[in-house]
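# Examining the three-dimensional arrangement
Each chain, written out:
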Amino acid sequence: MIWLALTLLAPLIAALAVFAFRRAPGAVALAGAWLGLAGALGLFAGATGGGEISATLPFLPELPIRLLASPLTATLALMVATVAALVLTYALGYMAHDPEKTRFFGTMLLFIAAMELLVLSGDWITLLAAWEMIGFASYLLIGFWHGRAGVPTAAMRAFLYTRSADLGLYIAAFLLIGVAGTSEISATLGTTGAPALVAGLLLLFAAMGKSAQVPMQDWLMRAMAGPTPVSALLHSATLAAAGAILLIRAAPMLPPGALLAVGFVGGLTAVVAGLMALAARDLKRLLAASTASQYGLMLVALGAGVPMAALLHLIAHAAIKSSLFLGAGVFQHDRDSTDLDALAGAGRARVGIFAGFALAALALAGLPPMAAYTSKDAILAAALNSPFAPWLLPLALLGSVLTGAYLARALRVLWSGESGRRQGAVPLMALGMGILVALAATLGFGFKPLEAMLGAELPKPSWVIPAMGLAAGIGGLALGWLLPPARLLGPLLAPARNGFAVAGGMDMLLARPALALARACDRLDQWIIRAVALGAVAGGARALASRVQNAETRLLAAVRATGRFNLKIGQATRRTDRDTIDGAIFGLVDRTIALGARARRLQSGLIHREMAMTFAGIALVVAVLLAAPFYL
């Protein structure tokens, strides 16, 4: 339980600390990410024996929040945490001088926490909440440099495309909950028949939006407006990966009809996005189109009924694609551009970074013994053994050829021309990228134990599959190195650069109507506000008059109460004067007069009387003097 809490809460608490204290955001973010990785390692270690760690928290009646670290979800959590920790290590150098790095690191940590919640969700309600959180966080990160031209548009486009497709997930989730009578994901995966087919197609629609599958493939290329670490994380293990992860987890439920749709969409995307990558004139856009193409290959494996092959390629792709994006960020750091013409020869200025970039590119092309060699062979074997092999195998092979071609083109551009300038040392950037490149080269050796841990078995490939895969990889690399895109693509060059948008594409079908509706709602909002304001002016005058009248009434009552109080004080004062003060004065005067009258009687004027009184006084004094010694 402690590992589950650490995986989820470490990045979340670090994000709150970054926003609250705003001091050393990079160091706090790094601590949160690496602690989250420690938690994910603990979860994975606990799952190696086939065990599960779960937690149930109260929420809605009969709909609690469930967290589940099964062998599959623990593997996914470890993938997310590893890539996130290394990308943030790189970002510490990349964002060192950015004045908004507090906002950057805080949002990145929220993004990571949301993705971990998504992969560890044990019920559909929690998964939906996490799905919403990663969508919102990705919008903030893509639009991070919102003051730059085109950035708000790119963020809005990504938001609209993914949010529109999210409707499929909502309907599917509530359909499955209604059929199964529970929100627990594992329980709903037993759904069969028509509900399973409808839910599977709806989940595919949601995955098409998040993972940029045809016909929604274009938004991912336009989402390159954010910082390079954002692109590296978004394309490898978080936002774009969410669609593939959703279908991998739902795979046990998918009926043949849904599998065919999944495989066909994936195969078509592998080819279409591969052509777009080959035609791209910007390195980050090339890699973005490559992301859509590789997720297409994962969907081919899912459509062939082998989710394990899709999972292996997902893991390999996470390490490889993050390495490629981080390398592109170093070249961008040197040339202040990701345009391929501007990057000509950039690899010569940083031979070590170029070597890592090249190694990752060869790994993605499927050369042995690197990670994608094993996973691509597994995808081809799955396609060959599938009932839909006539559709899936040619699309998967063509997608593999295009992978080698666009990667070789990028390598040739980076190595050709003058080395040019380099802007300072990039030790942290090189460290994060270097570890990911090492993983891209060696992860394939761990796939066999992972298969055993998950209890999954890949199709047994004959010699034909490795031969086809190797030929596709090497042939694609040779074509991309030797021939320019114009010769390879011919008349497809212009449509590929336009994202194969027919009649305006999804922008015309989705983005523009949504924005037009938003503008219309805004105008209606403003009209209502003005109408309410005008009504408030008229009503306000009446209310003001009423308030003035009420104030006058209250003032008059206060004046009357004050008058009554003053009268009572006056009456009390009069009684006090008359009965107390005046009585005391007049009594003192009367007593003084009476005393004077008595004293006047003593002054009679008779000599003998006054002599007698004098003698009596002297006698009294002498008696006192004689008696005093007896009392002293």
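Scoring rules and cut-offs
- Every chain is numbered independently, its residues counted from 1 as its sequence is written.
- Reporting of local features is limited, given that this is a predicted model, to residues whose pLDDT is at least 70; pairs of side-chain atoms are given and counted only at 80 or more, and all residues count toward the totals for whole chains, interfaces and linings.
- Remark: hydrogens and water are excluded; side-chain values derive from all non-hydrogen atoms of the structure.
- A run of H or I in DSSP counts as a helix once it spans at least four residues, and a run of E counts as a strand once it spans at least two, with each numbered from the N terminus.
- Burial classes: relative accessible area under 20% of the type maximum marks a residue as buried, over 50% as exposed, and values in between as partly exposed (1.4 Å probe, protein chains only).
- Here, residues are in contact when the closest pair of their heavy atoms is within 4.5 Å.
- Accessible areas in this description were obtained via Shrake-Rupley with a 1.4 Å probe; residue shielding takes into account the shown protein chains only.
- Axes, fitted as lines to C-alpha atoms, cover a helix only where it is in contact. Angles between the N-to-C directions of the axes lie from 0 to 180 degrees.
- Each angle is binned into one of four classes, with values under 35 degrees roughly parallel, values over 145 roughly antiparallel, values of 65 to 115 roughly perpendicular, and all other values oblique.
- The sense of a crossing depends on the near helix, which, turned anticlockwise from the far helix by less than a right angle, makes the crossing left-handed and, turned clockwise, makes it right-handed.
- By the convention adopted, Pro, Cys, Tyr, Trp, Phe, Met, Ile, Leu, Val and Ala count as nonpolar, Lys, Arg, Asp and Glu as charged, and the other residues, Gly among them, as polar.
- Only protein atoms enter the 1 Å grid used here, on which a cavity is any set of points holding a 1.4 Å probe that cannot leave and a pocket is any open set flanked by protein within 12 Å on both sides along at least five of seven lines; residues with an atom within 4 Å of a point are listed as lining.
- Grid points are joined across faces, edges and corners, and a volume is the space filled by probe spheres set on the points.
- Any pair of Phe, Tyr and Trp rings, taking the six-membered ring for Trp, is counted once the centres come within 6.5 Å. Such a pair is stacked with planes under 30 degrees apart, edge-to-face with planes over 60 apart, and tilted for the rest.
- Any Lys NZ or Arg CZ found within 6 Å of a ring centre and within 35 degrees of that ring's normal is scored as a charge over the ring.
- Basic side-chain nitrogens of Lys or Arg form a salt bridge, by our definition, when they fall within 4 Å of a carboxyl oxygen of Asp or Glu.
- The pairing criterion for strands is at least two bridges between them, as found by DSSP.
- We define a nonpolar core as any set of buried Ala, Val, Leu, Ile, Met, Phe, Trp, Tyr and Cys residues linked to one another through side-chain atoms lying within 4.5 Å.
- Residues form patches when they are more than 30% accessible in relative terms and have no salt bridge. Like charges link within 9 Å. Nonpolar side chains (Val, Leu, Ile, Met, Phe, Trp, Tyr) link within 5 Å.
- By definition here, a helix of n residues has an expected span of 1.5 Å times n minus one.

## Details of the overall build of the chain
- When helices and strands are tallied, the chain shows 25 helices and two strands.
- A burial count over the chain gives 50% of its 632 residues as buried.
- Counting only contacts in the chain whose residues sit at least 6 apart along the sequence, the fraction spanning at least 24 positions is 81%.
- As displayed, the chain offers around 28500 Å² of accessible surface, 69% of which is attributable to carbon and sulfur atoms.

## Let's talk about the packing of helix 13 (residues 283–303) against helix 17 (residues 371–384)
- Here helix 13 crosses helix 17 at 45°, and the two axes come no closer than 8 Å. Judged by the inter-axis angle, helix 13 sits oblique to helix 17. Both helix 13 and helix 17 take part in a crossing whose hand is left-handed. Residue-level inspection shows Gln294, Leu297, Met298, Val300 and Ala301 of helix 13 in contact with helix 17, the latter providing Lys376, Ile379 and Ala383.
- In the contact of helix 13 with helix 17, the residues fall into six nonpolar, one polar and one charged.

## Structural notes on the layout of surface pockets
- Estimated volume of the largest pocket: approximately 740 Å³.
- Forming the boundary of the largest pocket are 33 residues, of which Tyr94, Trp145, Arg148, Gly226 and Gln332 lie nearest the centre.
- Elements supplying a minimum of two residues to the lining of the largest pocket: helix 3 (71–94), helix 6 (151–180), helix 9 (218–222), helix 13, helix 14 (307–335) and helix 19 (427–442).
- With four residues, helix 6 is the single largest residue contributor to the lining of the largest pocket.
- Taken together, the residues of the lining of the largest pocket sort by class into 15 nonpolar, 10 polar and eight charged.
- Lining the second largest pocket are 24 residues; nearest its centre among them are Ser70, Leu72, Thr73, Leu189 and Arg249.
- Where the lining of the second largest pocket is concerned, the elements lending two or more residues are strand 1 (53–60), strand 2 (63–69), helix 3, helix 7 (185–188), helix 11 (239–250) and helix 14.

## Considering unusual backbone geometry
- A cis amide bond links valine 214 with the next residue in sequence, proline 215, at an omega value of 5°.
- Note on placement: proline 215 falls in the loop between helix 8 (193–210) and helix 9.
- Looking along the chain, the bond that leaves proline 368 and enters proline 369 is cis, with omega of 0°.
- Note on placement: proline 369 falls in the loop between helix 16 (351–365) and helix 17.
- Positive phi is not limited to glycine here, since aspartate 336 has a value of about 55°.
- The residue aspartate 336 is located in the loop between helix 14 and helix 15 (346–349) in this model.

## Describing the packing of aromatic side chains
- Taken as a whole and judged by the stated rule, the model has nine aromatic pairs.
- Here the aromatic rings of phenylalanine 104 and phenylalanine 105 are separated by 5.1 Å at their centres, their planes lie at 80°, and the arrangement is edge-to-face. The burial state of phenylalanine 104 is the same as that of phenylalanine 105; both residues are buried.
- Here a set of aromatic residues connected by ring pairs shows up, and it is made of Phe104, Phe105, Phe144 and Trp145.
- Above the ring of tryptophan 145, the side-chain terminus of arginine 148 is found at 3.9 Å from the ring centroid.

## Points about the pattern of salt bridges
- Applying the stated criterion to the full structure yields seven salt bridges.
- A salt bridge links glutamate 100 to arginine 103, with the shortest nitrogen-to-oxygen separation between them at 3.3 Å.
- Between glutamate 451 and lysine 448 there is a salt bridge; the shortest N-O distance is 3.9 Å. In this pair, glutamate 451 and lysine 448 are both assigned in helix 20 (residues 447–454), three residues apart and thus about one turn of the helix distant.
- Among the charged side chains, a salt-bridge network with shared partners connects Glu132, Arg163, Asp166 and Lys210.

## Description of the pairing of strand 2
- Most of strand 2 is tucked away, with five of its seven residues classed as buried.
- Bridging between strand 1 and strand 2 involves six bridges; their strand directions are antiparallel. Bridging from a neighbouring strand, leucine 60 pairs with leucine 63 of strand 2.
- Counting the residues in the hairpin turn of strand 1 and strand 2 gives two residues, including glutamate 62, whose phi is positive at 65°.

## Comments concerning the nonpolar core
- Formed by 200 residues in total, the largest nonpolar core has its most connected members in Trp124 and Leu314.
- If you tally residues by element for this core, the top one is helix 14, at 17 residues.

## With respect to the environment of glycine 473
- Mapped onto the secondary structure, glycine 473 falls in helix 21 (residues 464–482).
- Residue classification places glycine 473 among the buried positions, given a relative accessible area of 1%.

## Remarks on the side chain of arginine 66
- Among the secondary structure elements, arginine 66 is positioned in strand 2.
- If sequence neighbours within four positions are ignored, arginine 66 has contacts with Ala55, Thr56, Leu120, Ser121, Gly122, Asp123, Thr126, Thr182, Ser183 and Glu184.

## Some words on a nonpolar patch on the surface
- A cluster of nonpolar side chains, Leu9, Leu12, Ile13, Leu16, Phe19 and Leu110, forms an exposed patch at the surface whose accessible area comes to about 490 Å².
- If one sorts the elements of the nonpolar patch by residue count, helix 1 (residues 2–21) sits on top with five residues.
- Within the secondary structure layout, leucine 16 lies in helix 1.

## Considering the environment of histidine 313
- Inspection of the secondary structure puts histidine 313 in helix 14.
- In sequence terms histidine 313 and glutamine 294 are 19 residues apart; their C-alpha atoms lie 8.3 Å from each other.
- Filtering out sequence-adjacent residues up to four positions away, histidine 313 remains in contact with Gln294, Leu297, Met298, Ala372, Ser375, Lys376 and Ile379.

## A word on the packing of helix 6 against helix 8
- One way to put it is that helix 6 packs onto helix 8 with a least axis distance of 7 Å and a crossing angle of 155°. As far as their axial angle goes, helix 8 and helix 6 are roughly antiparallel. Crossing handedness for the pair helix 6 and helix 8: left-handed. Here Thr162, Ser164, Ala165, Asp166, Gly168, Leu169, Ile171, Ala172, Leu175, Leu176 and Val179 of helix 6 lie close against helix 8, whose contacting residues are Pro195, Val198, Ala199, Leu202, Leu203, Phe205, Ala206, Gly209 and Lys210.
- Taken together, the residues of the contact of helix 6 with helix 8 break down into 14 nonpolar, four polar and two charged.

## Looking at helix 3
- A rise of 1.5 Å per residue sets the reference length of helix 3, with its 24 residues, at 34 Å; its end C-alpha atoms lie 34 Å apart and thus fit the reference within 8%.
- Burial analysis of helix 3 places 21 of its 24 residues in the buried class, which makes it a mostly covered element.

## Some thoughts on the environment of leucine 247
- For leucine 247, the location among the structural elements is in helix 11.
- Between the alpha carbons of leucine 247 and leucine 302 there is a distance of 7.7 Å; along the sequence they are 55 residues apart.
- Not counting residues within four places of it along the chain, the set of residues in contact with leucine 247 comprises Leu203, Leu204, Ala207, Leu254, Val262, Leu299 and Leu302.

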